[in-house]
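In case you want the letters, here they are:
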Amino acid sequence: DSGVTQTPKHLITATGQRVTLRCSPRSGDLSVYWYQQSLDQGLQFLIQYYNGEERAKGNILERFSAQQFPDLHSELNLSSLELGDSALYFCASSVSWGSNQPQHFGDGTRLSIL
Amino acid sequence: QQPVQSPQAVILREGEDAVINCSSSKALYSVHWYRQKHGEAPVFLMILLKGGEQKGHDKISASFNEKKQQSSLYLTASQLSYSGTYFCGTEETSGSRLTFGEGTQLTVNP
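Keep in mind that this is a model prediction, so the values were computed, not measured.

Caption draft 1: Broad picture of the layout of surface pockets. Here the second largest pocket defines a volume of roughly 250 Å³. Put simply, the parts of the chain that give the lining of the second largest pocket at least two residues each are β10 (104-105) of chain A together with β5 (42-48) of chain B. Broken down by element, the residue count for the lining of the second largest pocket peaks at 3 residues, all from β5 of chain B. A per-class count over the lining of the second largest pocket returns 6 nonpolar, 3 polar and 3 charged.

Caption draft 2: The arrangement of the state of the cysteines in detail. Counted according to the given criterion, the structure contains 2 disulfides over all chains. The disulfide partner of C23 of chain A is C91 of chain A, and the gap between their sulfur atoms is 1.8 Å. Handedness of the C23 of chain A-C91 of chain A disulfide follows from its S-S torsion of about -50°: it is left-handed. With C23 of chain A in strand β3 (residues 19-24) and C91 of chain A in strand β9 (residues 87-94), this residue pair connects regions lying 68 residues apart in the sequence. According to the relative accessible area criterion, C91 of chain A is buried, its value standing at 0%. What pairs with C22 of chain B in a disulfide is C88 of chain B, and their sulfur atoms sit 2.1 Å apart. On the S-S bond that ties C22 of chain B to C88 of chain B, the torsion sits near 75°, and the link is right-handed. Highlighted residues: C22 of chain B in strand β3 (residues 18-23) and C88 of chain B in strand β9 (residues 84-91), separated in sequence by 66 residues. The buried category is assigned to C22 of chain B, whose relative accessible area is 0%.

Caption draft 3: Region of interest: the environment of Y82 of chain B. Here Y82 of chain B lies in the loop between β8 (70-75) and β9. Ignoring any residue separated from it by four or fewer positions in sequence, one finds Y82 of chain B in contact with R35, K37, K59, I60, L75, T76, A77, L106 and V108 of chain B.

Caption draft 4: Highlighting empty space enclosed by the protein. A full pass over the atoms with the stated rule returns 1 cavity of 30 Å³ or more. Looking at the largest cavity, its volume works out to about 90 Å³. Forming the boundary of the largest cavity are 13 residues, of which Y33, W97 and Q103 of chain A together with E91 and S96 of chain B lie nearest the centre. By residue class, the composition of the lining of the largest cavity is 3 nonpolar, 7 polar and 3 charged.

Caption draft 5: Looking closely at the sheet that holds β8 of chain B. All names here are of chain B. The strand order β1-β3-β8-β7-β6 describes an open sheet built from 5 strands, whose pairing is antiparallel. Only two strands of the sheet have a single neighbouring strand rather than two, namely β1 (4-6) and β6 (54-57). Taken pair by pair, the neighbouring strands of this sheet meet at an average axis angle of 15°, ignoring direction. Alignment of β3 against β8, held across 6 bridges, turns out to be antiparallel. Each residue of the ladder has a partner; that of S23, found in β8, is Q70.

Basis of the calculations
Residues numbered from 1 in each chain as written. Chains lettered and ligands numbered in written order. Predicted model: local features only at pLDDT ≥ 70, side-chain atom pairs only at ≥ 80, totals over all residues. Heavy atoms only, no water. 1 Å grid on protein atoms, 1.4 Å probe; cavity = no way out; pocket = protein on both sides within 12 Å on 5 of 7 lines; lining within 4 Å. Points joined across faces, edges and corners; volume = space filled by probe spheres on them. Helix = DSSP H or I, 4+ residues; strand = E, 2+ residues; numbered from the N terminus. Nonpolar A, V, L, I, M, F, W, Y, C, P; charged D, E, K, R; others polar. Disulfide = S-S within 2.5 Å. Buried < 20%, exposed > 50% of the residue type's maximum accessible area, 1.4 Å probe, protein only. Contact = heavy atoms within 4.5 Å. Pairing = 2+ DSSP bridges. Axes fitted to C-alpha atoms, helices over the stretch in contact; angles between N-to-C directions.

Below is the structure:
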């Protein structure tokens, strides 16, 4: 158990819909990262927050947005969903954002678009 | 820039050794190694920061070459529990985001 909690574990929805994925970081971690992993693919970095502020942005679509709240939990919002958005979405957290910071991953949310 | 991992897949018998490589065309600031079992979350293994560094625990170790463009992960006397996909994540400058390779699928058979 990494200490990172993601909900829900599974989401099934239709094209055009909007969903929210939630992540609670490990106690004491200030950085939260979001990744997308399509079937048998690598981890694609989406976005990083540190202590409530956006710190780095990756290949995140305009239809996707995220935020980190004062209690440090984070939400990833995906809208106008397309079939290609079906993937495993991971949240990870670390104490800070330096190079010696391991990232601890949650169990992921599996999103299926029908 | 995405690092290149090799091989893409490897099949071993229990007790055999394996080496997984992670290469970049540019000098890197750090390399992180993770293992992911099917359907599970990636699990952190280790971070290498310095050129020439070697580190490890149990029978899994890694090195970072002097030019800081290649890292290798060494699995010795492999166990069934080592099966999974190994990812390297590379950092080009201090504090920049990690870019992960495509992964190396390792299967250890009895």
